[in-house]
Amino acid sequence: MKLLSGTAFTAPKKLLFASFAVAAIGLSPIALAETDATAHAETASALRCLLDHGQNGCRAVFVGSASLAARPWVWHDPNRDFELGALVSSGYARTETGDNVYISKLLNGRTTDLYDVKFKHHEKTFYIAPPGPDGKIRYLLVRDGGPDDERTDLFVRGPG
């Protein structure tokens, strides 16, 4: 019964571990960047569209002022991608209302879902207002830093 000792199972364990490592490497950054289930489905979908460079025609969901804010994200830009680095993580941070200076001044006081997106070299906060009845997103803001860095960012640059 020497076969059932720990040495007999070492090779299959190593093979299993290697299989999981290869599978994890093969996953796209978008697949690794899942959002929290409490986030609005529409805003989570919009974030995936932005991080995936507008694949599958999803860029048409951004209209009005949101189309201007989305433009750098829905088109592939190798220079921006190099500066940001690889996508490390993204997650739903919270939903905020008009009492936030960014939301009141730049998003017309709309209730907005905040997403914290970390790249290898930078961190960004995406403010995405839920779409209107027609399914189009009209309010979007992307700023440097994490969701809790608003005061620091306001001190350095101001809200607009």
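Nothing here was measured: the structure is a model prediction, and the numbers come from that model.

A.B. asks: Is there a simple way to think about the sheet that holds strand E1 (residues 87–96) in this case?
C.D. replies: Across a sheet, paired strands are connected by hydrogen bonds in the backbone, their directions being either parallel or antiparallel. Taken in spatial order, the four strands of this open sheet run E1-E2-E3-E4, and their pairing is antiparallel. Both edges of this open sheet fall to E1 and strand E4 (140–144), since each of them pairs with a single strand only. Across the sheet, the mean angle from the axis of one strand to that of its neighbour is 20°, orientation sign disregarded. The pairing of E1 with strand E2 (residues 112–119) spans eight bridges and is antiparallel. The residue of E2 that forms the bridge with arginine 94 is leucine 114.

A.B. asks: Would you explain helix H4 (residues 65–74) in this entry?
C.D. replies: Helical geometry: 3.6 residues make up each α-helical turn, so side chains three or four residues apart lie on a common side. Among all positions of H4, only Ala66, Ala70, Trp73 and Val74 are buried. Taken around the axis of H4, the buried residues stretch over an arc of 80°, which confines them to a single face. Looking at the packing, one finds that the buried side of H4 touches helix H3 (41–51), helix H5 (78–84), E2, strand E3 (123–128) and E4.

What counts and how
- Residues numbered from 1 in each chain as written.
- Predicted model: local features only at pLDDT ≥ 70, side-chain atom pairs only at ≥ 80, totals over all residues.
- Heavy atoms only, no water.
- Pairing = 2+ DSSP bridges.
- Helix = DSSP H or I, 4+ residues; strand = E, 2+ residues; numbered from the N terminus.
- Axes fitted to C-alpha atoms, helices over the stretch in contact; angles between N-to-C directions.
- Buried < 20%, exposed > 50% of the residue type's maximum accessible area, 1.4 Å probe, protein only.
- Arc of directions from axis to C-beta.
- Contact = heavy atoms within 4.5 Å.

So yeah, pure geometry; function would need other evidence.
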